[in-house]
Amino acid sequence: MHTTTNTAHTDAATAVGAPNSVLRVAPASPAAAAAYFGASLAFHADVSDVASALAAGGDPGFVVVDSRSTASWGQGHIPGAVHLPTALIPEQAAQLLDKSVPVVTYCWGPGCNGATRAALALAQLGFQVKEMLGGFEYWAREGFEFETWEGNERRAPDTLTAPADAADCGC
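Positions within a chain are numbered from 1, following the residues in the order the chain's sequence is written. The predicted origin of the model limits local features to residues at a pLDDT of at least 70 and limits the giving and counting of side-chain atom pairs to 80 or more, whereas totals for whole chains, interfaces and linings rest on all residues. Each side-chain value is worked out from all heavy atoms of the structure, with water and hydrogens disregarded.

Caption draft 1: Looking closely at the overall build of the protein. On a plain count of helices and strands, the protein comes out with 7 helices and 7 strands. Working definition: helices are DSSP H or I runs of at least four residues, strands are E runs of at least two. Numbering for both runs from the N terminus. Reading the secondary structure of the protein in the N-to-C direction produces α-α-β-α-β-α-β-α-β-α-β-α-β-β. For the protein, the proportion of contacts with a sequence separation of at least 24, taken over those separated by at least 6, is 62%. Between two residues, a contact is recorded if the distance between any of their heavy atoms is within 4.5 Å.

Dropping the structure here:
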């Protein structure tokens, strides 16, 4: 009966011209959308792009910062990352990082805003910074190697986050 009521309500709303929940708020103009998505890419990098740049060898042009606790760092971190917990950024960033080199921050994963807080703290100190979307969770889920206190580890890629039979997702 609940489904029938919802269907009847949806049909009635559609019948009187009310938009569906997707279009209740109209999409932005193409110019506004281009500005928004362009800005988003200036602030974010994804796990695959970071991994690809690091795997290419040589200087990727950025440094990766793990903003998690020491215990979390020991559980696993991106090889070559700098360990700089968010709370220590104000006092240690200048000694560990070069302001002329962009920084990519990460924390646990999409459910954690620690990388965002770290990026904010670094930006306030004058660093160019991007946040790595997906964090350590997606680094591991996409099958990239990581370091732990016991040594290096790699998990099989989760096919919900990475292609099973291709080098990249094509996006």
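Caption draft 2: Structural detail: the nonpolar core. What we call a nonpolar core is a set of buried Ala, Val, Leu, Ile, Met, Phe, Trp, Tyr and Cys residues that are connected through their side-chain atoms within 4.5 Å. For the exposure calls, accessible area comes from a 1.4 Å probe over protein chains only, and a residue counts as buried if that area is under 20% of its type's maximum, exposed if over 50%, partly exposed in between. Counting 16 residues, the largest nonpolar core has Val50, Val64, Ile78, Ala81, Tyr106, Met132 and Trp139 as the members making the most contacts within it. Mapped by element, the contributors of at least two residues to this core are helix 3 (47-55), strand 4 (103-106) and helix 7 (135-141). Excluding its chain neighbours within four sequence positions, the residues that come into contact with Trp139 are Val47, Val50, Ala51, Leu54, Ile78, Pro79, Met132, Phe144, Glu145 and Phe146. In this structure, Val63, Val82, Ile89 and Ala119 belong to the second largest nonpolar core, which totals 14 residues.

Caption draft 3: Highlighting the pattern of salt bridges. Every case where a carboxyl oxygen of Asp or Glu lies within 4 Å of a side-chain nitrogen of Lys or Arg is listed as a salt bridge. Applying the stated criterion to the full structure yields 4 salt bridges. Put simply, Asp66 and Arg68 hold a salt bridge, and the shortest N to O gap is 2.7 Å. One salt bridge in this structure joins Arg141 and Asp158, with 2.6 Å as the shortest N-O distance. One end of the pair, Arg141, is in helix 7; the other, Asp158, is in the segment after strand 7 (151-153), with 17 residues separating them in the sequence. Bridged by salt links that share partners, the residues Glu137, Arg141 and Asp158 form one connected network.

Caption draft 4: Up close: the packing of aromatic side chains. Working definition: a ring pair exists when centres of Phe, Tyr or Trp rings (six-membered ring for Trp) sit within 6.5 Å. Plane angles under 30 degrees give stacked, over 60 give edge-to-face, the rest tilted. The tally for this structure, following the rule as stated, stands at 4 aromatic pairs. Measuring from centroid to centroid gives 5.0 Å for Tyr36 and Phe37, while their planes differ by 80 degrees, and the two rings are edge-to-face. Each member of the pair, Tyr36 as well as Phe37, carries the same accessibility label: exposed. Residues Trp108 and Phe136 carry aromatic rings whose centres are separated by 6.1 Å and whose planes lie at 75 degrees to one another, so their mutual orientation is edge-to-face. Pair noted here: Trp108 is in the loop between strand 4 and helix 6 (114-124) and Phe136 is in helix 7, with a separation of 28 residues, a long-range link. The buried category is assigned to Phe136, whose relative accessible area is 7%.

Caption draft 5: How the structure looks around the sheet that holds strand 4. Spatial strand order, 1-5-4-2-3: 5 strands in an open sheet with parallel pairing. For this open sheet the edge positions go to strand 1 (44-46) and strand 3 (82-83), each flanked by a neighbour on one side alone. In this analysis, strands are considered paired if DSSP registers two or more bridges between them. Summarising the sheet, strand 2 (residues 63-66) and strand 4 pair through 4 bridges and their orientation is parallel. If you follow Val65 over to strand 4, its bridge partner there is Thr105. In this analysis, axes come from line fits to C-alpha atoms, helices being fitted only over the stretch in contact, and the angle between any two N-to-C directions falls in the range 0 to 180 degrees. With respect to the sheet, helix 6 is in contact with strand 4 and strand 5 (129-133), its orientation differing from that of strand 4 by roughly 150 degrees.

Caption draft 6: Structural view of the pairing of strand 5. As paired strands, strand 1 and strand 5 are joined by 3 bridges and run parallel to one another. Paired with Asp46 across the bridge in strand 5 is Leu133. As defined by bridge partners, strand 4 adjoins strand 5 across 3 bridges and the pair is classed as parallel. Across the sheet, Val103 pairs through a bridge with Val129, a residue of strand 5.

Caption draft 7: View of the pairing of strand 2. Side chains of strand 2 alternate between two faces, with Val63 and Val65 and Val64 and Asp66 buried alike. Looking at chain direction, strand 2 and strand 3 are connected through 2 bridges and run parallel. Counterpart to Asp66 in the pairing with strand 3 is His83. The path from the first strand over the helix to the second decides the hand: if it runs clockwise while the strands point away from the viewer, the crossover is right-handed. Handedness of the crossover joining strand 2 and strand 3 through helix 4 (residues 70-75) is recorded here as right-handed.

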